[in-house]
Amino acid sequence: MTTLTPPAAVEASPRTAVKDRAKRHRPSSRRRSTPLTIAMLAALGYFLLPLFWLLIASTKSTQDLFNSFGLWFSHAPQLLTNVKETLTQDDGVFLRWLLNTVMYAGVSAVGAALLAAASGYGFAKFRFRGNRAAFNLVLGAVMVPTTALAIPTYLLFAKAGLVNTPWAIILPSLVNPFGLYLMRVYAEDAVPDSILEAARIDGAGEARIFFRIVLRLLGPGLVTVLLFTLVATWNNYFLPLIMLNDPDLYPITVGLSSWAAQAQNGGAGASSDMLALVVTGSLISILPLVVAFLMLQRYWQSGLASGGVKQ
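Small disclaimer: the values here were computed from a predicted structure and weren't measured. Within each chain, residues carry numbers counting from 1 in the order of the written sequence. pLDDT decides what is reported in this predicted model: residues at 70 or higher carry local features, side-chain atom pairs at 80 or more are listed and counted, and totals for whole chains, interfaces and linings draw on all residues regardless. Where side-chain values are given, they derive from all heavy atoms of the structure, hydrogens and water being excluded.

Right, let's get into helix α6 (residues 131–142). It helps to recall that an α-helix has 3.6 residues per turn; residues three or four apart then point in one direction. Runs of H or I in DSSP of at least four residues are treated as helices and runs of E of at least two as strands, each being numbered from the N terminus. Working rule for helices: expected span equals 1.5 Å times residues minus one. Along its 12 residues, α6 runs 17 Å from first to last C-alpha, staying within 8% of the 16 Å computed at 1.5 Å per residue. Residue burial is assigned from relative accessible area. The probe radius is 1.4 Å, only protein chains are included, and a residue is buried under 20% of its type maximum, exposed over 50%, and partly exposed in between. Listing the buried residues of α6 in full gives Asn131, Phe135 and Val138. Along α6, the residues classed as buried sweep out an arc of 50 degrees about the axis, all on the same side. Pointing more than 90 degrees away from the buried face of α6 are the exposed residues Arg132, Ala133 and Leu137. By definition in these notes, contact holds between two residues if any of their heavy atoms fall within 4.5 Å. Contacts made by the buried residues of α6 are with α5 (93–125) and α9 (177–190). Arc definition: directions from the helix axis to the C-beta atoms.

Before going further, it helps to spend a moment on the packing of α6 against α9. Orientation is described by lines fitted to C-alpha atoms, with helices fitted over the stretch in contact, and by angles between N-to-C directions that extend from 0 to 180 degrees. It is at 8 Å that the axes of α6 and α9 come closest, and there the two elements cross at 130 degrees. The orientation of α6 with respect to α9, classified from their angle, is oblique. In the crossing of α6 with α9, the sense of the turn from one axis to the other is left-handed. Of α9, the residues touching α6 (which contributes Phe135, Val138, Leu139, Ala141 and Val142) are Pro177, Phe178, Leu180, Tyr181 and Arg184. Residue polarity follows a fixed list, in which Ala, Val, Leu, Ile, Met, Phe, Trp, Tyr, Cys and Pro are nonpolar, Asp, Glu, Lys and Arg are charged, and the others, Gly among them, are polar. Split into classes, the residues belonging to the contact of α6 with α9 amount to nine nonpolar, no polar and one charged. Oblique is the label for any angle not covered by the other classes, which are roughly parallel (under 35 degrees), roughly antiparallel (over 145) and roughly perpendicular (65 to 115). Put simply, a crossing is left-handed when the front helix is turned counterclockwise from the back one by less than a right angle, and right-handed when it is turned clockwise.

Another aspect to go through is helix α12 (residues 219–234). With 16 residues, α12 should reach 22 Å at 1.5 Å per residue; the first-to-last C-alpha distance of 22 Å fits that figure. Of all the 16 residues making up α12, 12 are buried; the element is thus mostly covered by neighbouring parts of the structure. The complete set of buried residues in α12 reads Gly219, Pro220, Gly221, Leu222, Val223, Thr224, Val225, Leu227, Thr229, Leu230, Thr233 and Trp234.

Turning our attention to the side chain of Ser108. Note that Ser108 resides in helix α5. Setting aside anything within four residues of it in sequence, one finds Ser108 in contact with Ile169, Ile170, Ser173, Leu174, Thr229 and Thr233.

Exposure above 30% relative accessible area and the absence of a salt bridge qualify a residue for a patch, where like charges join within 9 Å and nonpolar side chains (Val, Leu, Ile, Met, Phe, Trp, Tyr) within 5 Å. All accessible-area figures derive from a Shrake-Rupley calculation using a 1.4 Å probe, and residue coverage is judged against the displayed protein chains alone. A carboxyl oxygen of Asp or Glu within 4 Å of a side-chain nitrogen of Lys or Arg is what we treat as a salt bridge. Where nonpolar side chains cluster on the molecular surface, the patch consists of Leu49, Phe52, Trp53, Phe69, Leu71, Trp72 and Phe73 and spans about 730 Å² of accessible area. Looking at the secondary structure, you find Phe69 in the loop between α3 (62–67) and α4 (79–88).

This part covers the environment of Ser119. Relative to the helices and strands, Ser119 is located in helix α5. Classification of Ser119 by relative accessible area gives partly exposed; the value is 27%. Taking C-alpha positions, Ser119 is 9.9 Å from Phe135, a pair spaced 16 residues apart along the chain.

Right, let's get into the confidence of the model for the chain. Residue-level confidence of the predictor, termed pLDDT, takes values from 0 up to 100. When the pLDDT values of the chain are averaged, the result is 84; 84% of them are 70 or greater. When mean pLDDT is compared element by element in the chain, α5 scores highest at 95, while helix α1 (residues 7–24) scores lowest at 51. Contacts for the low-pLDDT stretch residues 7–12, under 50 throughout, to residues beyond four places or in other chains number one contact. Below pLDDT 50 for its whole length, residues 304–311 participates in zero contacts with residues either more than four positions away or in separate chains.

Turning our eyes to something else, we now look at the pattern of salt bridges. What the rule picks out here adds up to five salt bridges. One salt bridge in this structure joins Arg200 and Glu197, with 3.4 Å as the shortest N-O distance. On the criterion of helical spacing, the pair formed by Arg200 and Glu197 is a turn pair, its members being three residues apart in helix α10 (residues 193–201). The exposure class assigned to Glu197 is partly exposed, which follows from its relative accessible area of 43%. Through salt bridges that share partners, Glu197, Arg200 and Glu206 make up one connected network.

Next up, the structure:
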């Protein structure tokens, strides 16, 4: 006896098969991993917790820093008072320190980025005697810690008469071996040889090619080196500490350290709220870096997007 399959069942079976295959081949992006989520939350807390503590601590007096819970506000927040006292302490020397830091970090970041771009472009697109040996020397310089070079740098600058001047901070910060290495690797793919040959055929000189064409193509890498150098110079403590003797030339790092020493030792000019001023000054000092990252991150995004499109 032959059993006939209803037409509706015959039509439905291919649809069911398609649905079953779709379920089996569902994109893995919808899958959630609980251990990975916990690890990401732990990393997020690790990086944000100190900033949260700094924000909370900036609203407290010195007494409340020791007598209240560290991760929550005190009964009498005084952020505006702390900010005002920080900016007016010692005749407004904090503003001078802030301007010094902006000058040191800004000039060093722009100069180091341009030097790294020019050097990296030269290593990537030009062949000359000693190219490989010089680049290997740069790679070796990446491994040398900057603190190991501080004393020799001081002795050299003392002979040149540049100690206790802004140049003692700016000139060493212009040398960035890692930035040169990064720009060399980036320039190899970001700057096509065909564009360079076309520009040379049109009669453009090497300097014009670099400033009019190459720098635009190296934009994302240039911003990366600029931000790295900006942060490194902004947070530099040891080099200004040994190079500068005049408090009017101090950057924020050394200036706040001197305030902290006064608060601990009760030296001249110390007040009962000096420690609170150090914490508030630390909060103010990171705001320019946050603004710089927010303003320049679009160059990273555009570089990643252009690198993901095959040309």
